[in-house]
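# Examining the three-dimensional arrangement
The lines below spell out each chain.
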Amino acid sequence: MDPAYKLEDFITDCAKGTVKAFVTSGALLTAGTDFNLPTQEQVLNFIGNNGLEKPQFINSEVWDKNPDPKNAIMIDAYSFYSGLLYGYIAFRFQPKTGKWAVKSFKKNREPDTRNLAFLGPLTKLLT
């Protein structure tokens, strides 16, 4: 499945701050603890200033907590890097408000793909 949204549109609108985007309380909490971005302004500036290094699309799915299920809203998820950190972000666009919502912003639970290149040689050394 392809992304529901253009990542570039999301990034551009995050650069405009709270006029075009906001960060949910759960995402703000993990952005603070995992990436030292404790405020909504810092998270949006990070995204808007291309802080999501090498973003890779993961999936797009219907927002299951949508209060208006008749009008489906999609959530796109991406993995990304930020220096040595491997992250996960999920966001949606709300047509009624014209704003993006950052639903998740946290460390990625999946293995860091940068380390997979070392797995084969390391396994051979240890066996």
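Residues numbered from 1 in each chain as written. Predicted model: local features only at pLDDT ≥ 70, side-chain atom pairs only at ≥ 80, totals over all residues. Heavy atoms only, no water.

Within the protein chain, the secondary structure is distributed over four helices and five strands. Looking at the 127 residues of the protein chain, the share that counts as buried comes to 38%. For the protein chain, contacts bridging at least 24 residues in sequence account for 53% of all contacts bridging at least 6. Of the roughly 8000 Å² that the protein chain leaves accessible, carbon and sulfur atoms contribute 56%. (Helix = DSSP H or I, 4+ residues; strand = E, 2+ residues; numbered from the N terminus. Buried < 20%, exposed > 50% of the residue type's maximum accessible area, 1.4 Å probe, protein only. Contact = heavy atoms within 4.5 Å. Areas by Shrake-Rupley, 256 points an atom, 1.4 Å probe, with all protein chains shown as cover.)

Taken in spatial order, the five strands line up as 1-5-4-3-2 in an open sheet, and their pairing is mixed. With one partner strand each, in any of the chains shown, strand 1 (21–23) and strand 2 (53–62) form the two edges of the open sheet. For this sheet the average axis-to-axis angle between neighbouring strands, irrespective of direction, equals 25°. The pairing of strand 4 (residues 85–94) with strand 5 (residues 99–107) spans eight bridges and is antiparallel. Counted as the bridge partner of Phe93 is Trp100 from strand 5. Sheet strands touched by helix 1 (residues 7–14): strand 1, strand 2, strand 3 (74–82), strand 4 and strand 5. Its angle to strand 5, the strand with the most contacts, is close to 95°. Sheet strands touched by helix 2 (residues 25–35): strand 1, strand 3, strand 4 and strand 5. Its angle to strand 5, the strand with the most contacts, is close to 40°. (Pairing = 2+ DSSP bridges. Axes fitted to C-alpha atoms, helices over the stretch in contact; angles between N-to-C directions.)

The probe, sized like a water molecule, is rolled over the atoms to show the empty space still left. Of the voids in this model, the largest pocket is the one considered here, and its volume is about 240 Å³. Contributing to the lining of the largest pocket are 14 residues, with Glu61, Ile75, Tyr88, Ala90 and Lys103 lying nearest its centre. Of all the secondary structure elements, the ones that give two or more residues to the lining of the largest pocket are strand 2, strand 3, strand 4 and strand 5. Broken down by element, the lining of the largest pocket gets its largest block of residues, four residues, from strand 2. Partitioned by chemical class, the residues of the lining of the largest pocket number seven nonpolar, two polar and five charged. (1 Å grid on protein atoms, 1.4 Å probe; cavity = no way out; pocket = protein on both sides within 12 Å on 5 of 7 lines; lining within 4 Å. Points joined across faces, edges and corners; volume = space filled by probe spheres on them. Nonpolar A, V, L, I, M, F, W, Y, C, P; charged D, E, K, R; others polar.)

Counting 28 residues, the largest nonpolar core has Phe10, Ile47, Ile89, Phe91, Val102 and Phe105 as the members making the most contacts within it. Elements with a contribution of two residues or more to this core: helix 1, strand 1, helix 2, helix 3 (40–48), strand 3, strand 4 and strand 5. (Core = buried A, V, L, I, M, F, W, Y, C linked by side-chain atoms within 4.5 Å.)

Another aspect to go through is the side chain of Ser82. Checked against the element boundaries, Ser82 lands in strand 3. Setting aside residues no more than four positions away along its own chain, Ser82 makes contact with Phe35, Phe46, Gly51 and Glu53.

Applying the stated criterion to the full structure yields 14 aromatic pairs. Here the aromatic residues Tyr5, Phe10, Phe57, Tyr78, Phe91, Phe93 and Trp100 are joined through ring pairs into a cluster of three or more. Between Arg92 and the ring centre of Trp63, over which it is positioned, the NZ or CZ distance is 3.7 Å. (Phe/Tyr/Trp six-rings, centres within 6.5 Å; stacked < 30°, edge-to-face > 60°. Lys NZ or Arg CZ within 6 Å of the ring centre and 35° of its normal.)

Looking now at helix 3. Turning to helix 3, its buried residues are Val43, Leu44, Phe46, Ile47 and Gly48. Buried residues in helix 3 make contact with helix 1, strand 1, helix 2, strand 3, strand 4 and strand 5. Two residues or fewer after helix 3 comes Asn50, characterised by a positive phi angle close to 60°.

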